[in-house]
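# Chain and residue survey
Spelled out from the first residue to the last, the chains are:
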Amino acid sequence: SNHHGIEQACRTMASTKDKVWGGSVPVKFSLASREVTAMQAPKPIYKLLPRMSYLPLVTTSVRDHFVNYAPAIRGDLWFDFDGRPLKWHYPIGVLFDLVHNCGDKNSSATRLPLEITVHFTGYPSELLPCKTLSTVNEHFFHSLKEGCYLKYGTSSIIMNMQKSLHLKMEQSLVTGDYRLYQQASRNWAISDSKCQKIPIRIMIGDGFNDKTIKNRLIQPSLEMKDLEGKPFTLRSALKSTFPSLDLKFIRAVIQGIKVPTETSLFYLAENMCHADQFLYICLSLHTTPQNPSEDADGKIERQDIEGKEEGVDEDVREGAIQKTKAKANTDRSQEQNEVDSNLESAT
């Protein structure tokens, strides 16, 4: 019966991962008005982008759509939201959570689809250079090696990966297909008992000023258990990283979900991590309580655990996603053909 229990747990985890990997972000891309060189501005293009992917990997068709309207002397493609350059080396889901789920409720950031501006000139110095798609893949595998090293104490499982599995993993990032990722990572999935640390990246969103927190990405080094020997929860992890912050006013969003602070950190890391094995936690600081059941000492009342978490209005979200799906489906097959031909040329 123990064996049956383990099988059941694996099935549950796989279905959770399927759902997490199935997440997508509805986006409306428009060319920056000052970069339009044609008589008439091009129409925007709508895409449903996989949360697990990275902007340069899934925007070839966006580039093709706008390129003839853009200046003849072009630099590398880049994107901004509301005037803020988007860092291509963060997963799309993380970028979305930072601007959408951690933003001010009344700002343009809460409208769907997310409106992103496309640029062919003036590449910002704050963005990492991105000349080719292989730059993105190299960055991803570097991050994956780091995640595996923290988790298992070795990155040799990634270093020794066969080329065919490498390509499978790259393709899973473009398509958001968890089954492909699973096939590519099957050989190096090690039992939980071997886990040493929890790979975690805390992304600092709106509300924090630079005096409070200097860096916008914090990577705490968390063992499997806290100083008292208890497994970390999200709140004990946040408390150990930011001892002086009042968690009552913090919103923590992981994979688009506002997560109750008493959730097991290990559970979150196993089920809701990104493809590079890191659990990305997007934090925003608010003037009104986000976790009202956290009192001044940060204790938790029971009702919070049973209460439903508030998120984006489900009808609004569903409507926007359906509309974008319809517009995006026509681009899907074209994007897939590009992926297939890229894979063929790589083999």
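As a starting point, this report considers the structure included with it. (Residues numbered from 1 in each chain as written. Predicted model: local features only at pLDDT ≥ 70, side-chain atom pairs only at ≥ 80, totals over all residues. Heavy atoms only, no water.)

### Considerations on the overall build of the protein chain
Using the following cut-off: The way it works is that DSSP assigns letters per residue, a run of H or I at least four long becomes a helix, a run of E at least two long becomes a strand, and they are numbered from the N terminus. Burial status follows relative accessibility: with a 1.4 Å probe on protein chains alone, a residue under 20% of its type maximum counts as buried, one over 50% as exposed, and anything between as partly exposed. Should any heavy atoms of two residues lie within 4.5 Å, those residues are counted as being in contact. Only the protein chains shown count as cover for residues, and the accessible areas themselves come from Shrake-Rupley with a 1.4 Å probe.
A tally of regular secondary structure across the protein chain gives 11 helices and 12 strands. Classification of the 347 residues of the protein chain by burial places 47% in the buried group. Sequence separation of 24 or more characterises 75% of the internal contacts of the protein chain that already satisfy a separation of 6 or more. Put simply, the protein chain shows about 17700 Å² of open surface, and 52% of that area lies on carbon and sulfur atoms.

### Examining the packing of helix H6 (residues 163-175) against helix H7 (residues 178-185)
Applied cut-off: Only the contacting stretch of a helix is used when fitting its axis, a line to C-alpha atoms as for every element, and angles between N-to-C directions run 0 to 180 degrees. Here the word oblique covers every angle except those under 35 degrees (roughly parallel), over 145 (roughly antiparallel) and from 65 to 115 (roughly perpendicular). Here a crossing is called left-handed whenever its near helix is offset anticlockwise from the far helix by less than a right angle, and right-handed whenever the offset is clockwise. Three classes are used, and their members are as follows: Ala, Val, Leu, Ile, Met, Phe, Trp, Tyr, Cys and Pro are nonpolar, Asp, Glu, Lys and Arg are charged, and the others, Gly among them, are polar.
The geometry of H6 relative to H7 is characterised by a closest axis approach of 8 Å and an angle of 160° between their N-to-C directions. Classified by the angle between their axes, H6 and H7 sit roughly antiparallel to one another. In terms of crossing hand, the pair formed by H6 and H7 is left-handed. On the side of H6, the interface is formed by Leu165, Lys168, Met169, Gln171, Ser172 and Thr175, while H7 contributes Leu180, Tyr181, Gln183, Ala184 and Ser185. Partitioned by chemical class, the residues of the contact of H6 with H7 number five nonpolar, five polar and one charged.

### Comments concerning helix H8 (residues 234-241)
For H8, the set of buried residues is Leu234, Arg235, Ser236, Ala237 and Leu238. Lining the buried residues of H8 we find strand S7 (200-204), strand S9 (222-223), strand S10 (250-254), helix H9 (265-272) and strand S12 (279-285).

### So, the packing of aromatic side chains
Centre distance and the angle of the planes are the two values used to describe a pair of aromatic rings. For clarity, the threshold we go by: Ring geometry is summarised as follows: Phe, Tyr and Trp rings, the Trp one being its six-membered ring, pair when their centres sit within 6.5 Å, and such pairs are stacked at plane angles under 30 degrees, edge-to-face over 60 and tilted between the two. Charge-over-ring contacts are defined here by two conditions on Lys NZ or Arg CZ: a distance within 6 Å of the ring centre and an angle within 35 degrees of the ring normal.
Taken as a whole and assessed by the stated rule, the structure comprises seven aromatic pairs. Here Trp21 and Tyr181 contribute two aromatic rings whose centre-to-centre distance is 4.8 Å and whose plane-to-plane angle is 40°, an arrangement assigned as tilted. Placement of the pair is Trp21 in helix H1 (residues 2-21) and Tyr181 in helix H7, with a sequence separation of 160 residues. Accessibility assignment for this pair places Trp21 and Tyr181 in one class, buried. Grouping aromatic residues by their ring pairs yields a cluster made of Trp21, Tyr178 and Tyr181. Above the ring of Phe278, the side-chain terminus of Arg201 is found at 3.6 Å from the ring centroid.

### Structural notes on the packing of helix H4 (residues 133-152) against H6
At a minimum axis distance of 11 Å, the contact between H4 and H6 shows a crossing angle of 105°. With respect to H6, the axis of H4 lies roughly perpendicular. Where H4 approaches H6, its residues Asn137, Phe140, Phe141 and Leu144 are matched on the opposing element by His166, Met169, Glu170 and Leu173. Tallied by class, residues from the contact of H4 with H6 come to five nonpolar, two polar and one charged.

### Concerning the pattern of salt bridges
To keep it simple, the criterion reads: Note on definitions: salt bridges are taken to be side-chain nitrogens of Lys or Arg within 4 Å of carboxyl oxygens of Asp or Glu.
Throughout the structure, instances matching the rule amount to nine salt bridges. The salt bridge partner of Lys230 is Glu228, with a shortest N-O separation of 3.1 Å. Judged by relative accessible area, which is 47%, Lys230 ranks as partly exposed. Where salt bridges share partners, they join Glu146, Arg201 and Asp276 into one cluster.

### A few points about the side chain of Glu35
Formally: Definition of a polar contact: a pair of N or O atoms within 3.5 Å, with one able to donate and the other able to accept a hydrogen when the atoms are protein atoms, and with sequence-neighbouring residues admitted only if both atoms are side-chain atoms.
Relative to the elements of secondary structure, Glu35 occurs in the loop between strand S1 (24-31) and strand S2 (45-50). What makes Glu35 buried here is its relative accessible area of 2%. Within the structure, Glu35 has its side chain in polar contact with the backbone nitrogen of Phe120 (distance 2.6 Å). Contact partners of Glu35, with chain neighbours within four places excluded, come to Tyr69, Ala70, Pro71, His119, Phe120 and Thr121.

### Digging into the nonpolar core
For the record, the criterion: For the purposes of this section, nonpolar cores are sets of buried Ala, Val, Leu, Ile, Met, Phe, Trp, Tyr and Cys residues that join through side-chain atoms within 4.5 Å.
Within the largest apolar cluster, 80 residues are counted, with the highest numbers of intra-cluster contacts made by Phe29, Leu265, Ile281 and Leu283. Not counting residues up to four positions away in its chain, the partners in contact with Ile281 are Ile200, Arg201, Ile202, Met203, Leu234, Ala252, Val253, Ile254 and Leu265.

### Brief notes about the environment of Leu95
Structurally, Leu95 can be placed in helix H3 (residues 92-101). Taking C-alpha positions, Leu95 is 9.5 Å from Met203, a pair spaced 108 residues apart along the chain. When sequence neighbours within four positions are dropped, the list of residues in contact with Leu95 reads Leu55, Leu86, Lys87 and Tyr90.

### Overview of unusual backbone geometry
Across the junction of Leu112 and Pro113, the peptide omega takes the value -5°, indicating a cis bond. Among the secondary structure elements, Pro113 is positioned in the loop between H3 and strand S5 (114-119). One non-glycine residue, Gln255, lies in positive phi territory at about 50°. Position of Gln255 relative to the elements: it lies in the loop between S10 and strand S11 (257-258). Even without being glycine, Gln277 reaches a positive phi, approximately 75°. Within the secondary structure, Gln277 is located in the loop between H9 and S12.

### Details of the sheet that holds strand S4 (residues 84-85)
Basically, it comes down to this: Note: two strands are recorded as paired if DSSP finds a minimum of 2 bridges between them.
Within the open sheet, the five strands sit side by side as S2-S1-S5-S3-S4. Their pairing is mixed. Edge positions in the sheet fall to S2 and S4, since each has one partner strand and no second. By the bridge criterion, two bridges tie strand S3 (residues 78-81) to S4 in an arrangement that is antiparallel. Bridging across to S4, Asp80 finds its partner in Pro85.

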